[in-house]
Amino acid sequence: MDLSIIIPSFNERENIEPIVERIHSALRDQGIAYEIWFVDDSTDETVSVLTRVESIDEQVHVHHRTGARGLASAVVEGFERATGEHFIVMDADLQHPPELLPDIYRKLAAGIDVVIPSRFVSGGSDGGLGPLRKLVSWTARVIGQVALRRLRKISDCTSGFFGVHRNVVVGAPLDPIGWKILIEVLVKGRYRTVHELPYEFLARDAGESKMSLQEQWNYFRHLFRLVSQSPSDRRFFLFCIIGASGVVVNLVVLTILKYAFGISDISASITASLVAMLSNYIWNDQITWRASGKRKWNVKLPLFVGISLIGIIVTTLVMNGLKHLDVPVPVGQAIGILVSTVWSYAMNNRLTWRDSAKQLREDVIVTREDRRIRSV
Ligand code: GDD
Ligand code: MN
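What you are looking at is a predicted structure, and each value in this text was computed from that prediction instead of being measured. (Residues numbered from 1 in each chain as written. Chains lettered and ligands numbered in written order. Predicted model: local features only at pLDDT ≥ 70, side-chain atom pairs only at ≥ 80, totals over all residues. Heavy atoms only, no water.)

**Some points on the pairing of strand S6 (residues 162–165)**
Move 1: Neither face of S6 is open: one carries Phe162 and Val164, the other Gly163 and His165, and all of them are buried.
Move 2: As paired elements, strand S4 (residues 86–89) and S6 share four bridges and run antiparallel to each other. Note that in S6 the partner of His86 across the bridge is His165.
Move 3: Relative to S6, strand S5 (residues 114–118) runs antiparallel, the two being bridged by two bridges. (Buried < 20%, exposed > 50% of the residue type's maximum accessible area, 1.4 Å probe, protein only. Helix = DSSP H or I, 4+ residues; strand = E, 2+ residues; numbered from the N terminus. Pairing = 2+ DSSP bridges.)

**Notes on the UniProt feature "domain: Glycosyltransferase 2-like" (unreviewed entry) in the protein chain**
Move 1: The sites that carry the UniProt feature "domain: Glycosyltransferase 2-like" (unreviewed entry) are, in the present numbering, residues 4–168.
Move 2: Across residues 4–168, the secondary structure splits into 38% helix and 19% strand, with the terminal C-alpha atoms separated by 14 Å. (UniProt positions renumbered as here; feature names shortened; annotations may be inferred.)

**Concerning the packing of aromatic side chains**
Move 1: All told, the structure shown has 10 aromatic pairs when counted by the stated rule.
Move 2: Pairing Phe239 with Trp289 gives two aromatic rings, centres 4.8 Å apart and planes at 85 degrees, and the pair type is edge-to-face. You can see Phe239 sitting in helix H9 (residues 231–260) and its partner Trp289 sitting in the loop between helix H10 (265–288) and helix H11 (297–324), a full 50 residues away along the chain. Of the two residues, Phe239 and Trp289, neither departs from the other in class, the shared state being buried.
Move 3: Judged by centre distance (5.8 Å) and plane angle (25 degrees), the rings of Tyr281 and Trp353 are stacked. Of this pair, Tyr281 sits in helix H10 while Trp353 sits in the loop between helix H12 (329–350) and helix H13 (354–358), and the two are 72 residues apart along the sequence.
Move 4: Here Trp353 falls in the buried class, since its relative accessible area comes to 1%.
Move 5: Each member of the aromatic cluster is reached from another via a ring pair, and the members are Phe239, Tyr281, Trp289, Phe304, Tyr345 and Trp353. (Phe/Tyr/Trp six-rings, centres within 6.5 Å; stacked < 30°, edge-to-face > 60°.)

**A few points about the coordination of the manganese ion (ligand 2)**
Move 1: Coordination of the manganese ion (ligand 2) by the protein comes from Asp93 (OD) and Gln95 (OE1), over a distance range of 1.9 Å.
Move 2: On the basis of relative accessible area, Asp93 is assigned to the buried category, the value being 4%.
Move 3: Since its relative accessible area comes to 9%, Gln95 is described here as buried. (Donors = N, O, S within 2.8 Å, 3.2 Å for Na, K, Ca; no water.)

Structure below.
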């Protein structure tokens, strides 16, 4: 079997026959051996429609679940049952055009590990969503991309439409919560190459979306679980927490020096940054990059200090510049800290703890259409 199409379905009675029909017309003459797997949690007549279609069409298989529910877990059960060399996951409601299946399949057959039709590359569109859903969807994507590095280069990481070689997902420890099976696959799957192609996400003709507030909450639970399970993302997260603790140390020291001891603004700012810097070094060395890297403290500390000193100058320049614009000194200092922290994080990752950071660097190549754009 070349290809298994996996379709999660929940109360889609009007859509089942049309989608099967359109999949057949898209693939019939392509010389591809394929099967269609519905993983269904429906509570309405969809169940009998599926049973009928399965009995007359030998390419259609149905797994009806009664205990479980949920889009992502349905897809995982599809991965377990499908027999194809390649899998394509799509929605049952025809918002994902079956006419794209041959293009996706050809990329997979040519050796690409993950193929993602995208609403957000030129030529694509997400016209099938209303303005509020678009905003919610954009916010969700950005938060996901900040939290998880493997999502950063992927333009449509929350899509429900994608193809994979079976080895990407079979045997991977998939354990998703809620809806977003693709982020689970991108974080935990085994792959080297990703290809994106444009598509138009159309409006539904029949039935309605099952998206809910509960699912948006599940998305955050899912992200949180993925961050805690993925070493490189956990490190980034720790980085941020330690940075925040350094901000508190910095502001407390500055305020005490300025208001309790009457020390000048510039000296108070410098001293506060030095104390925060030392505290950040110790925590980052003990927690963020713990147990990795051969470098001794007598290399790391000077590098960290050098980077931080430049950071202190940046902080103080920002504070002093803003003071002339009548910004209160602690507020100016806080903004300066923000700017210099982002910069020094990037530098420390590249220099100070370079050898430990390298262990987590991956080499995934993302292409869009045929243009090679960047490697991560
Ligand atoms: N088995 C099963 N169980 N299927 C489900 C469940 C469930 O609990 N909930 C939803 N589905 C099925 C629907 O029947 C449909 O085939 C598909 O999952 C997507 O559900 P929709 O309700 O149509 O979602 P949407 O259109 O709002 O959003 C979809 O498209 C977006 C763009 O690709 C989802 O796939 C989003 O994750 C995606 O971002
Ligand atoms: Mn839909």
